[in-house]
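Residue strings, one per chain:
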Amino acid sequence: MFAVHLMAFYFTKLKEDQIKKVDRFLYHMRLSDETLLDIMARFQAEMQKGLGKDTNPTASVKMLPTFVRAIPDGSENGEFLSLDLGGSKFRVLKVQVSEEGKRNVQMESQFYPTPNEIIRGNGTELFEYIADCLADFMKTKELMQKKLPLGLTFSFPCKQTKLEEGVLLSWTKKFKARGVQGTDVVSSLTNAMRKHKQDLDVDILTLVNDTVGTMMTCAYDDPYCEVGVIIGTGTNACYMEDMSNIELVEGDEGRMCINTEWGAFGDDGALEDIRTEFDQELDLGSLNPGKQLFEKMISGLYLGELVRLILLKMAKAGLLFGGEKSSALHIKGKIETRHVAAMEKYKEGLANTREILTDLGLEPSEADCVAVQHVCTIVSFRSANLCAAALAAILTRLRENKKLVRLRTTVGMDGTLYKIHPQYPKRLHKVVRKLVPNCDVRFLLSESGSTKGAAMVTAVASRVQAQRKQIDKVLALFRLTREQLVGIRDKMRVELEYGLKRDTHPLATVKMLPTYVCGMPDGTEKGKFLALDLGGTNFRVLLVKIRSGRRSVRMYNKIFTIPLEIMQGTGEELFDHIVQCIADFLDYMGLKGAQLPLGFTFSFPCRQASIDKGTLIEWTKGFKATDCEGEDVVDMLREAIKRRNEFDLDIVAVVNDTVGTMMTCGYEDRNCEVGLIAGTGSNMCYMEEMRNIELVEGDEGKMCINTEWGGFGDNGCLDDIRTQYDKEVDEGSLNPGKQRYEKMTSGMYLGEIVRQILIDLTKQGLLFRGQISERLRTRGIFETKFLSQIESDRLALLQVRKILQQLGLDSTCEDSIVVKEVCGAVSRRAAELYGAGLAAVVEKRREDQGFEHLKITVGVDGTLYKLHPHFSRILQETVKELAPRCDVTFMLSEDGSGKGAALITAVAKRLQQARREN
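To start, this report covers the structure provided alongside it. (Residues numbered from 1 in each chain as written. Predicted model: local features only at pLDDT ≥ 70, side-chain atom pairs only at ≥ 80, totals over all residues. Heavy atoms only, no water.)

Things to note about the sheet that holds strand β14 (residues 513–514)
- The strand order β14-β24-β23-β22-β25-β26 describes an open sheet built from six strands, whose pairing is mixed. In this open sheet, the two strands that pair with only one neighbour each are β14 and β26 (886–892).
- Bridge count for strand β23 (residues 682–689) against strand β24 (residues 702–706) is five bridges, and the pairing is antiparallel. Its bridge partner lying in β24, E689 is registered against K702.
- Relative to strand β22 (residues 672–678), helix α19 (residues 657–666) is tilted by about 130°, and along the sheet it contacts β22, β23, β24, β25 (854–861) and β26.
- Where helix α25 (residues 813–848) meets the sheet, its contacts fall on β22, β23, β24, β25 and β26, and the angle it forms with β23 comes to roughly 5°. (Pairing = 2+ DSSP bridges. Helix = DSSP H or I, 4+ residues; strand = E, 2+ residues; numbered from the N terminus. Contact = heavy atoms within 4.5 Å. Axes fitted to C-alpha atoms, helices over the stretch in contact; angles between N-to-C directions.)

And the structure:
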């Protein structure tokens, strides 16, 4: 028993001594946590360099765009072919992807050898050999009559400008075929396949790196997978990067898979401080000295050779095998990575070590076997550490891109070293988790290899292609040609004339209502005025103080809400509520007993017989108060004031918000003759020549016309551009068949049009995985403010997804892109329609005044114009194109139509005074 303990002690001591000896000899191969964090930071810097347009040419880590923009979503289906060239064998697959999102894949494959004379010979012969193998596979599997899409896995650095094209940058591993570098490998294969045109009817849809294939294979099983890593004969990684960070590719939307080509990390000298004499010796004896230096410290092609070089050096130094060296130990490649893996096995490792060393003609002692096993551990552990540092850099970048405190993600893994080495995966996982403690990482082994991944990329490309066609078909409905816009401008012009003429006015959809506002401010206005502003869910009461001469206006206001039950209750309740708000404001301002002239901004279609009379034609914008249509709203307000019996106000003018906007801007700019509202509702007013207004007596001077153009198209003249979505919005509105132009242009409806489109696209399986959430079914859930937010150029897709999540819509990155496109199409059409309508008005003003060229200002208000990031620009560009002889200045009304109502009141008072004096 004592002898057994003695032996155990001796062996433990021997093991400790040997391990210390090797540790001392290979001191530089042991990497501390600090060193790994430093390497991680260096790799992050290299990634940034590779992504930059200016810095990419000198970057060692090339960060190649792959043009793979989406991962599988489970809806892929069909038959696909896949080829895999990159290792010691060449593989052809037929992949059947099931329908109905069952995530079921069936594969048939065949391996073909890649003889040295082929992979190191002539490039043409290499591709002809691949085509021959493909033809043989098609014949064997009886696929000759089928036309199939094909994905090519090509495991070498390629520069891609599209998914189905790739120019070889350089061969790696053992490949050296002549005449291929700098050429498009897809074209080369396509040319080779032409010789088999009777047998092969194949479309090469995608070219992918094996790493990308690995990621896509794993992503089919786990949607969280957004990184692929290969640790095999060679090593590489890819991941999904935000398009906004990829300067080498046009466009900012969505994400794209980046093939890092991390094997070349350190080729610029960035890793010289951690490379050892053995790394340098191995590199000098390789096929590509000075290149792929990171790969040469990590991958299966090189680990066995590193171990051989170390053992030879230790033997020469008398530290192993009693200083004896066998001839086999001098032969390059005699120790392979499979030997390293066998020597590191948990129980049989030492026995395997003895056997391998004996096969090399050596006579190892027990101590030699322990030392050699430890050499293997240090070499393979360093490999896992270096991989972990680079992978940790990628995971950190993903987390930072997503602006997450904690990242949950999956890394797809493949490669013989990762698969066959008994300790490698465990070591890699442990170090990664230590380096990025704020990432929850799942490592998923790719069971079917990267060839299935190429088929998955092809399947996704086919799906995206088909979906894109369907999405484009929908978006095309909202694209207006120049001819269509000219037609809309001309139809608007006809409607304007109809509305002004006595005979046609009753049938006109654009009502062209005289406002009895006949003058613009001249700067002599002065006094205190009360103004009311009713046009939406908010009601404003203002006190406006105007000083004459200096064009100085001071305002005090208070905002009150109009509850839905009041908006849709009785007229008496509505006007009592308004008077209550006025009383609260006068109380608040300490003006309870004051007698003030009042201007009432009432943003609904009214027929006026004078400036202080306005008969409501119909409610718009969600108002439905009873007993108001056909009544004079000024009388209704006066009646409500009487019922209150607290104060007496002089109601001088009732004005539309559009007119108020024009007057506000006209106070600053005498060229302002047009008012435009682009907000909850849509309307426009302008100063018309009295001689053209047949509804009002008199031919002298001008009068402001409230066009009420929201009703344009109610006679069917816009039916050729109305979509099914416009019709659905109209049918579900409070006033079906009315205000059709407004329903295509205004803030109250644009979000609802978007919602209808999203529902349709979801029904077609093009969005939200085909699932219509309850929230998406809710009318009005998609407010127009969300369009403005989603279309902001500064908004990353991640933030778009957050907005959609607030709406209960669980979107992918691809969904977010589509939603943004839908919002863009709907808002662009709205702005162009506004532009066409406005072009008709300014052209009319130019012709009426007999000018060759007109200089005019348009006063604008409304949340859509103010808040939407592109609306104002598109509107202005459209007007410029459709009214080229008009120099139109757009002036934003900062103070709203309330100030305009006060100014109209002031102008009316001034004109009254002038008439009295005359």
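From this point on, the discussion continues.
Focus: the pairing of strand β12 (residues 407–414)
- Summarising burial for β12: seven of the eight residues are buried, a large majority.
- In this sheet, strand β13 (residues 439–445) lies alongside β12 in parallel orientation, the contact comprising seven bridges. Looking across to β13, one finds that T409 is bridged to V441. (Buried < 20%, exposed > 50% of the residue type's maximum accessible area, 1.4 Å probe, protein only.)

What to know about the environment of F156
- Looking at the element boundaries, F156 is found in the loop between β5 (148–154) and β6 (158–159).
- For F156, a relative accessible area of 1% corresponds to the buried category.
- Distance in space between the C-alpha atoms of F156 and G234 is 9.7 Å, their sequence separation being 78 residues.
- Residues contacting F156, with those up to four places away along its chain left out, are L85, G86, L168, S170, W171, T172, K173, F175, N209 and E261.

Notes on helix α5 (residues 185–193)
- For α5, the full list of buried residues reads V185, V186, L189, A192 and M193. Each buried residue of α5 lies within a common arc of 125° when the element is viewed along its axis, so the set occupies one face.
- Packing partners of the buried residues in α5 comprise β2 (78–85), α4 (123–140), β5, β7 (167–168) and β8 (202–208).
- Residue D184 occupies the N-cap position of α5, its side-chain oxygen lying 3.1 Å from the main-chain nitrogen of V186. (Arc of directions from axis to C-beta. Polar contact = N/O pair within 3.5 Å; in protein donor to acceptor, adjacent residues only side chain to side chain.)

Quick look at the sheet that holds strand β9 (residues 225–231)
- Spatial ordering of the open sheet is given by β1-β11-β10-β9-β12-β13, a layout of six strands whose pairing is mixed. Each edge of the sheet is formed by a strand with only one pairing partner; in this case those strands are β1 (64–65) and β13.
- Helix-sheet contacts for helix α6 (residues 210–221) involve β9, β10 (235–242), β11 (255–259), β12 and β13, and the interaxial angle to β9 is about 135°.

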